[in-house]
Amino acid sequence: MRILVLNTIANQTKETQTLLQNIKEKYDNTTIYNTYEMDIKHCIGCNFCWLKTPGVCTIKDDYETLLKEMLVHDEMIVISDTKFGFITHETKKLFDRILPLATMYLQFKGKQMRHVSRYDKKLKVALFYQGDGEKEYLNYWLDRATLNMEWECLGAHEACTDKEVLACI
């Protein structure tokens, strides 16, 4: 199993450092990106990745590397700080820029309209957060974000519960 870890926290707590160490110990095939060290811009909503350059983002920065990594890994663990009970803007922009992996076409999934995935890859995604995140809302949001990409949600978890959660992932 290949694990992709996107760590967005520059000022890590002891729990977050322990979490990263435990992930490295548990999974042999782990790729970790400290995204706070990368040049990743916010989505500008141009829709070029759907209309003009299908599957390719018009913004040329380090995010293209992450998109390619998402296609070759089985699970993705995102590590985020929280502000006002939600993930930070650094983490949110990672999810906003996922659009090149979907097409502009829509289909019904149950009673909901969803984008058609560009690739057959079904990534499993977990969110670990530090700070005063609202766990119920973070779980709801992550579930919706992964549903839109036809991925599997592994839930939102406090970074301090890492050993228990890693046993389940």
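Residues numbered from 1 in each chain as written. Predicted model: local features only at pLDDT ≥ 70, side-chain atom pairs only at ≥ 80, totals over all residues. Heavy atoms only, no water.

## Some remarks on the pattern of salt bridges
So, step 1. A full pass over the atoms with the stated rule returns eight salt bridges.
So, step 2. Asp96 is the salt-bridge partner of Lys92, the closest N and O atoms lying 2.5 Å from each other. In this pair, Lys92 and Asp96 both sit in helix H4 (residues 89-96), four residues apart, roughly one turn of the helix.
So, step 3. Under the relative-accessibility criterion, Asp96 is labelled partly exposed at 29%. (Salt bridge = Lys/Arg side-chain N within 4 Å of Asp/Glu carboxyl O. Helix = DSSP H or I, 4+ residues; strand = E, 2+ residues; numbered from the N terminus. Buried < 20%, exposed > 50% of the residue type's maximum accessible area, 1.4 Å probe, protein only.)

## Considerations on the pairing of strand E3 (residues 75-83)
So, step 1. In terms of residue burial, E3 counts as a mostly covered element, since seven of its nine residues are buried.
So, step 2. As defined by bridge partners, strand E1 (residues 2-7) adjoins E3 across five bridges and the pair is classed as parallel. Counted as the bridge partner of Leu4 is Met76 from E3.
So, step 3. The pairing of E3 with strand E7 (residues 124-130) spans seven bridges and is classified as parallel. If you follow Asp81 over to E7, its bridge partner there is Gln130.
So, step 4. Note that E3 and strand E4 (residues 86-87) share two bridges and pair antiparallel. (Pairing = 2+ DSSP bridges.)

## Things to note about the packing of aromatic side chains
So, step 1. According to the stated counting rule, one finds four aromatic pairs in the structure shown.
So, step 2. Pairing Phe86 with Trp141 gives two aromatic rings, centres 5.4 Å apart and planes at 85°, and the pair type is edge-to-face. Within this pair, whereas Phe86 is found in strand E4, its partner Trp141 is found in helix H5 (residues 135-148), the two being separated by 55 residues in sequence. Exposure class is identical for Phe86 and Trp141. Each is buried.
So, step 3. Taking 6.4 Å as the distance between ring centres and 35° as the angle between the ring planes, the aromatic pair formed by Tyr137 and Tyr140 counts as tilted. Here Tyr137 pairs with Tyr140, and both are found in helix H5, just three residues apart, close to one helical turn.
So, step 4. Residue class for Tyr140 comes out partly exposed when judged on its relative accessible area of 49%.
So, step 5. A connected cluster of aromatic rings, assembled from ring pairs, spans Phe86, Phe95, Tyr137, Tyr140 and Trp141. (Phe/Tyr/Trp six-rings, centres within 6.5 Å; stacked < 30°, edge-to-face > 60°.)

## A few points about the pairing of strand E5 (residues 102-109)
So, step 1. For E5 and strand E6 (residues 112-117), the ladder comprises five bridges, and the chain directions are antiparallel. Looking at the pairing, Gln107 lines up with Arg114 of E6.
So, step 2. Between E5 and E6, which pair antiparallel one after the other, the connecting turn spans two residues, and Gly110 there sits at a positive phi close to 65°.

The quantities given are spatial measurements derived from coordinates; they are silent on function.
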